[in-house]
Each structure stands twice: as C-alpha cells, then as structure tokens.
Amino acid sequence: MSYPQRRPRRLRRTEALRSMVAETSLATNDLIAPLFVKEGIDEPVPIPSLPGILAHTPSSVVAEAKELAALGIPSVLVFGITDRRDPLGSCAYDPNGIAQVALRRLVDTLGDSMVIMADLCIDEYTDHGHCGILDPLGNVDNDATLAIYSQVAVAQAEAGAHVVAPSGMMDGQVQAIRKALDESGHTDVAILAYSAKYASSLYGPFRDAVSVSIVGGGNRRGYQQDPRNLREALLEVALDVEEGADMVMIKPALAYLDVIAAVRANVVVPVAAYHVSGEYAMVVAAAERGLVDREAVILEHVGAIKRAGADMIITYFAKELARIIHA
Ligand code: PBG
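Residues numbered from 1 in each chain as written. Predicted model: local features only at pLDDT ≥ 70, side-chain atom pairs only at ≥ 80, totals over all residues. Heavy atoms only, no water.

## Quick notes on the side chain of Glu-124
Now for step 1: Assignment of secondary structure puts Glu-124 in the loop between strand 5 (115-120) and helix 4 (142-158).
Now for step 2: Buried charge Glu-124 goes without a salt bridge, the closest partner of opposite sign being Lys-197 at 7.4 Å.
Now for step 3: Filtering out sequence-adjacent residues up to four positions away, Glu-124 remains in contact with Phe-79, Gly-80, Thr-82, Arg-85, Asp-119, Phe-206, Val-210 and Val-212. (Helix = DSSP H or I, 4+ residues; strand = E, 2+ residues; numbered from the N terminus. Buried < 20%, exposed > 50% of the residue type's maximum accessible area, 1.4 Å probe, protein only. Lys, Arg positive; Asp, Glu negative; His and termini not counted. Salt bridge = Lys/Arg side-chain N within 4 Å of Asp/Glu carboxyl O. Contact = heavy atoms within 4.5 Å.)

## Thoughts on helix 9 (residues 277-288)
Now for step 1: Taking 1.5 Å per residue, twelve residues should reach 16 Å; helix 9 reaches 16 Å between its end C-alpha atoms and fits that length.
Now for step 2: Counting buried residues in helix 9 gives nine out of twelve residues, a clear majority hidden from the surface.
Now for step 3: Listed in full, the buried residues belonging to helix 9 are Ser-277, Gly-278, Glu-279, Tyr-280, Ala-281, Val-283, Val-284, Ala-286 and Ala-287.
Now for step 4: Packed against the buried residues of helix 9 are helix 6 (204-209), strand 9 (271-275) and helix 10 (294-308).
Now for step 5: Taken from the residues just after helix 9, Gly-290 is the one with a positive phi, measuring 75°. (Expected span 1.5 Å × (residues − 1).)

## A word on the environment of Ala-155
Now for step 1: When you line up the elements, Ala-155 lands in helix 4.
Now for step 2: Here Ala-155 falls in the buried class, since its relative accessible area comes to 10%.
Now for step 3: Taking C-alpha positions, Ala-155 is 8.2 Å from Ala-92, a pair spaced 63 residues apart along the chain.

## Quick look at the packing of helix 8 (residues 257-266) against helix 10
Now for step 1: The contact between helix 8 and helix 10 brings their axes to 8 Å, and the two run at 30°. Regarding the angle of helix 8 to helix 10, the classification is roughly parallel. Residues Leu-257, Ile-260 and Ala-261 of helix 8 form the contact with helix 10, whose own contacting residues are Ala-304, Ile-305 and Ala-308.
Now for step 2: Of the residues in the contact of helix 8 with helix 10, the class split is six nonpolar, no polar and no charged. (Axes fitted to C-alpha atoms, helices over the stretch in contact; angles between N-to-C directions. Parallel < 35°, antiparallel > 145°, perpendicular 65-115°, else oblique. Nonpolar A, V, L, I, M, F, W, Y, C, P; charged D, E, K, R; others polar.)

Have a look at this one:
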C-alpha cells in the first residue's frame with residue numbers, strides 16, 4: 001500500500017474519538033411517546049401484547065406525560081381505547097369520547113410545555129374495525145370517510161390537541177382535515193400526516209392493545225401501502241405536502257429505512273418515523289429469552305431510524321430510551 005496509509009481505525013481507538021466523529025446521535029427531543037387511554041377503568045392496566053406499556057386513565061395519563069416531560073421527551077401521541085363501537089366510529093368525534101377527555105386533561109395540565117398530538121383515525125371506534133366507514137357493499141368509502149375525519153379533527157382541536165395525525169390512508173384526507181380545521185378557526189393546529197403507512201404485519205400487538213379486529217378476517221391492503229413499493233411512498237408524501245401536511249411520517253420504521261431516507265431527501269418538512277408495536281414486541285421477546293441485549297438493541301434500532309433520516313421517532317421505548325440516554 002502507498003503512503004499515507006488510510007487507517008480508519010485510528011478514529012475508533014477511544015470512546016472520546018468515536019464520540020467526536022459520530023455522524024448522528026439520539027437525543028430525547030427526537031422522541032415521541034405513544035400513550036393509550038382506556039375508557040371504563042379506575043387504574044392503569046397492563047397491555048399484554050405490549051409488555052411494559054400501560055393503558056391509562058385520564059388522570060394517570062397526565063402523570064405519565066409529566067414523567068416523560070421530566071425526562072426531556074417533548075411530545076406524546078394519544079390513542080383512545082373504548083368498547084363503545086359503531087359503524088361510524090362516533091366515539092372518535094364525540095367531545096366526551098375518551099381521547100378527547102384525555103387530550104383536554106393533558107392540555108389543561110401541561111399547556112404548551114409539551115406537544116400534545118392526537119392519532120386521527122376511526123378503526124379503534126368502528127364495530128367493523130376498518131379505518132374508514134363502509135358503503136352498502138361493505139367497501140371502505142373514501143370520500144364519505146373524509147367527512148368523518150373532518151369531524152374528528154375538529155373534536156381533537158377543540159379538546160386542545162396541538163397536532164392531529166391522520167393515520168387512515170384515505171386519499172385526500174390531509175386536504176379535507178386542513179379545510180375543516182381552518183373553517184372551524186383552528187388554523188394553528190398542525191397536521192402530522194401518516195403519509196407512507198404500509199399494510200404491515202407489524203401492527204399486531206397494537207391491534208390487540210386496542211382490541212381491533214377487522215370484520216370477516218379482512219385486511220387493510222385496499223388503503224395502506226404495498227410493502228413492495230418505494231416510489232409510491234414518494235407520491236403519497238408529495239400529495240400530503242401539497243395538501244398541507246406540516247410534517248410527514250413513514251410507518252413502520254425498520255423495514256422501511258430506505259423509504260425514510262428517500263423521503264428525507266425529497267421533502268423539506270420534518271420527517272417522522274413510527275417504530276411500531278411489532279418492532280417493539282420482537283425486541284422485548286428476544287431480550288426476555290436472553291437472545292439479545294435489550295438496551296443495546298434499542299439503541300441500535302432507534303439509532304438506525306435516526307441515521308436513515310427521521311427527525312422524530314415515535315417509539316414505545318421512548319421512556320426507557322430517555323433513561324438510557326441520561327444514564
Ligand atoms: C390505525 C393505527 C394503527 C397503528 C397506529 N394507528 C394500526 C393499523 O393501521 O392497523 C399501529 C401502531 C403500532 O403498531 O404500533 N389507527
């Protein structure tokens with residue numbers, strides 16, 4: 001070999017050198033914690049499919065959010081769990097629906113010190129389990145669903161949400177929601193669009209957590225994206241930005257790092273990635289069996305999502321990760 005000899009290992013020799021040249025780093029302000037609030041319970045209850053995660057009452061969710069804020073986590077994403085289901089998912093836009101009750105409590109207590117986000121969808125509240133309402137033939141009716149989403153957005157905004165996050169993958173949902181928010185005077189409520197949401201097998205533990213099963217053993221492949229496609233994600237993202245999305249999201253995260261990188265290169269708005277329930281559960285299960293080192297894998301997985309280009313990461317590990325970062 002000719003001189004000078006390139007020896008990349010020189011910069012790997014000490015921890016201080018490695019830190020100095022690190023290209024990315026994880027910080028608590030990259031993290032968004034998903035929070036579940038359940039109707040009809042007096043105390044928080046464990047979620048069996050997501051070991052370590054609780055379904056909260058409206059008061060325990062406030063305590064949890066405060067704890068997260070104290071750890072430096074700037075934001076939470078609220079999901080409601082209810083047994084009151086109907087064809088329209090009306091609990092999603094009921095001002096006294098569980099999510100709205102929790103949002104109001106969170107905003108009353110935390111004010112603007114934390115970003116309070118609301119997942120905007122109806123599958124947790126429909127008796128058929130789809131993210132949209134059904135036409136007489138049982139198909140998801142895109143445009144009729146937009147009217148429902150608009151009502152949900154307004155209810156969440158009136159409850160005080162700073163950000164609404166539409167996750168139903170209906171065409172035109174961002175535009176419809178933006179219009180409904182503006183027309184009801186909520187011009188300052190932002191939209192984080194689940195733009196590239198794939199029809200993934202990694203949502204199982206979440207669906208168990210919110211007890212969603214899709215009627216007739218159905219699936220979401222008619223509206224969520226085909227995991228084989230990347231360019232389609234760029235189209236979805238471009239449409240959402242055009243329709244007024246303030247931020248966009250890719251979901252899941254680890255199996256879609258190429259999508260995160262491509263989206264990051266294509267838009268100027270902030271990019272979020274959702275490290276989903278199945279990604280969480282696999283690490284928890286493998287660590288429980290002693291097959292992997294839990295902390296190390298959490299850092300490597302969430303770090304990879306950051307390196308791929310995500311500005312914000314929604315993860316069930318948020319609290320644990322904040323503790324690891326502070327340690
Ligand atoms: C739909 C929604 C889902 C998740 C978040 N919002 C489930 C789905 O599309 O079936 C999944 C989140 C996760 O798996 O962690 N409202």
